[in-house]
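# Notes for the structure review
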Amino acid sequence: MPSFIARRLLWTALTLFVISVMVFVIFFSIPGIDPVVALAGRNPAPATVAAIRSTFGLNLPLPEQYLLMMKHIFLTRDLVSYTTGLRVLPQVTAAAPVTLSLVGGAVVIWVTVSLMAGLVAGVNRGRPADRILMIVGMVAISTPVFWLGSMANLITQGGLHHTVFGWVPPPGYVSPASDPLLWVRQMVIPWLVLAFGFIGIYSRVLRASIIEIQEEDYVRTARAKGLTEPRVLARHVMRLSLIPFVSLLGLDFGSLVGGVVLVEVVFGLPGLGMLAFQAASGLDLPVIMVTVIYGAFFIVLSNMVVDIAYAWLDPRIRRK
Amino acid sequence: MTRAELSAKALPPGGPDGAGAARGAGGHGTALHRAARRLRVNPVAMASLLLLALIVALCLSAPLYARYVAHTDPFPSNLAGTTIVGGKRVPVIQATQGTGLGETPVGPTWDPRHYLLGADSQGRDVAARLLYGGRTSLAIGASSAIICCTIATILALASGFLGGVADAGLSRLMDIVWAFPVFLLAILISTVSLTQGLHLGPLSISTTGMGLPIVIISLIYVPYVFRPIRGQVLAIREKEFVKAAILQGASSRWLLFSEILPNVLASVIVFVPLMVAITILTESGLSFLGIGVQPPGASWGTIFADGESLIYTRPWVAIAPGIMITLTVISLNLLGDAVRDALDPRALDSGRQR
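Throughout what follows, the structure given in this document is the object of discussion. Sequence positions are assigned chain by chain, starting from 1 and proceeding in written order. Just so you know, chain letters begin at A and ligand numbers begin at 1, following the order they were written in. Thresholds applied to this predicted model are a pLDDT of at least 70 for local features of residues and 80 or more for the giving and counting of side-chain atom pairs; totals over whole chains, interfaces and linings are not thresholded and use all residues.

### Observations concerning the overall build of chain B
Elements are defined by DSSP. Helices are runs of H or I of four residues or more, strands are runs of E of two residues or more, and each kind is numbered from the N terminus. Scanning chain B from terminus to terminus reveals 14 helices and 6 strands. Exposed residues have 12 or fewer other C-beta atoms within 10 Å of their own C-beta, buried residues have 20 or more, and residues in between are partly exposed; the C-beta atoms are placed from the backbone. Out of the 354 residues in chain B, the part that is buried amounts to 49%. Two residues form a contact once the distance between their C-beta atoms, set from the backbone, is within 7 Å. Of all intrachain contacts in chain B linking residues separated by at least 6 positions in sequence, the fraction that spans at least 24 positions is 69%.

### Notes on the packing of helix H13 (residues 285–313) of chain A against helix H7 (residues 182–194) of chain B
To get an axis, a line is fitted to the C-alpha atoms, and for a helix only the part in contact is used. The angle between two axes follows their N-to-C directions and goes from 0 to 180 degrees. For the pair H13(A) and H7(B), interaxial distance at closest approach is 10 Å and the crossing angle is 160°. When the interaxial angle is binned, H13(A) and H7(B) end up roughly antiparallel. Between H13(A) and H7(B) the crossing geometry is left-handed. Judged by residue contacts, A:Leu285, A:Ile288, A:Val292, A:Gly295 and A:Ala296 of H13(A) engage B:Leu184, B:Ile187, B:Leu188, B:Thr191 and B:Val192 from H7(B). Throughout, the term roughly parallel applies to angles under 35 degrees, roughly antiparallel to angles over 145, roughly perpendicular to angles from 65 to 115, and oblique to all others. Should the near helix be turned counterclockwise from the far one by less than a right angle, the crossing is left-handed, whereas a clockwise turn marks it as right-handed.

### Notes on the interface of chain A and chain B
Often, the extent of an interface is quoted as the loss of accessible area upon association of its parts. Every contact between the two is made by 45 residues of chain A and, on the other side, 40 residues of chain B. Put simply, the parts of the chain that give the side of chain A that touches chain B at least two residues each are helix H1 (2–28), helix H2 (35–40), helix H6 (128–142), helix H7 (145–157), helix H11 (253–267), helix H12 (272–281) and H13 of chain A. If one sorts the elements of the side of chain A that touches chain B by residue count, H1(A) sits on top with 8 residues. Just so you know the grouping, Ala, Val, Leu, Ile, Met, Phe, Trp, Tyr, Cys and Pro go in nonpolar, Asp, Glu, Lys and Arg go in charged, and all remaining residues, Gly too, go in polar. The class makeup of the residues in the side of chain A that touches chain B is 33 nonpolar, 11 polar and 1 charged.

### Some points on the environment of B:Gly231
Take B:Gly231: it is sitting in helix H9 (residues 222–237). Taking the C-alpha atoms as reference, B:Gly231 lies 8.3 Å from B:Ala156; in sequence the two are 75 residues apart.

### With respect to the nonpolar core
Residues A:Ile288, B:Ala186, B:Ile187, B:Leu188 and B:Val225 are the most contacted members of the largest nonpolar core, which totals 171 residues. Setting aside anything within four residues of it in sequence, one finds B:Val225 in contact with B:Cys148, B:Cys149, B:Ala152, B:Phe271 and B:Met275. Only buried Ala, Val, Leu, Ile, Met, Phe, Trp, Tyr and Cys residues enter a nonpolar core, and they are joined through C-beta atoms within 7 Å.

Keep in mind these numbers describe shape, not what the thing actually does.
Next up, the structure:
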């Protein structure tokens, strides 16, 4: 286990380094792109151009420019948006809790629902319940999440707002600390929308592994011993079927990003995705730089934590 | 005995590696034929192929629809235009009733000659734009999927065939790049290059048009396709027919292009429809955020973005492109699953066992 952790830490450090170099290269040395023009946004003032030159040391050699960029992002944390004039880091820390509460709720929903859906479909293989669930799953993985969110808005804020969906507050965000009930009412539709596509993926994976494991000899033996079907499922089938499910959960933080950005934009949630979107539409590159690098680092680090926890649970992983 | 016959005979029964159906250079054509036959009798595959063909045909006929049916040009704004609803001539953009503030475009008339799906906030025919936008979305999706699979295959062949340090380095690099969340990477490259375009050596890509989204989307998914294809190359390299060819003194070029490549191609084919589904979804997401297709170009994503502001008054502007994307992606996913099943003999075997 210690050697696994050491290898994993080393790997993470290397990954973080390469990611930061990629961000640097994309900003400062794509041939044909002038970093000053890129960073300053539309129609920059001469003072802005001079500020960018001195902040990022654009006449220094590239390695020093890289170190300077990293220093501004992680040590002095003093990058300023050239379009709004605001410090970037406080905006990121203010937006992070919104994104976390969106992701947290969505994960709870999609894990619960896809466990149930995958189990029902896997056990009833080929029957109508399975067919219907798999069709729904196929639709779920094929629907653009921003469109789904917009349709949910249309239904809950439009015609039905005065009858069935009167409990849905207008788009926006309140923190759970100030009004927990309002927070839930506000977030439940975004949670469902973000979870929907993942339910499609996860329930299909679980169904496939349940079907495979039900054919195993040890499951047949358990049935032959006269164990009841619920007991066979709970004790024998589900335990092993959950392994690919859980490993998918660990690997998949990165694929959440697209959904998070799009859902936040559609529902007007002021999280990191919204911050990135506003920065992208205003061509506010310093904000993009910080959001992207913090976002990517956060995802790589959480993947590492999940991997180590997973190796601790399942000794076979440590040998890989 | 020719080399091809030998490799066909040296085929091991079944396959340990999943998707590689066409084994041995000699067996290549017949295995693909077998797969095609399996596809032809699969009703889901045929239905999704039909739906896909229908969508492509509709989108390709966009200019015909605009010119001969709708009689509009769906690109310039048409704020002062008029159309006919229920036999009466009405302005395309009307002042919103009641409040006196704002303007509302004409809603769906369900009459293909006069704004079938209504107008957007610029007074343009949504139905005609939907077909034009579909051409863009499909073209970006298909070409970035093909470019992505091509680059990934070349890298995977190089990596798997060279082995050693080159293989280790390339695979590690791909793993690391894949650790970078794809959507963040796309946002990053799009925003940086949006003002000035991309200039990669002799290749110059302007900020308008489809070039920039195609380059970005095809590059970010290379590691995703690279990994399984490399695994395939490694598996095939250990096959007996390759060893037989080596024993016969085959050159590296022969091994690479006549023994390994044809057998890897089956796996690449499996990836293409699934990748088109992914790239279409990615393009629509980026375009919705305003960092994909740039005006005056239109794709399903930008049409949706235009319609979002009208969602409570004229919902069809936003509903229609979403339905088109969903139908296209569903048919691609179903087709991809069917192609995989058809090319994968193991899937057939396990089906028989049960």
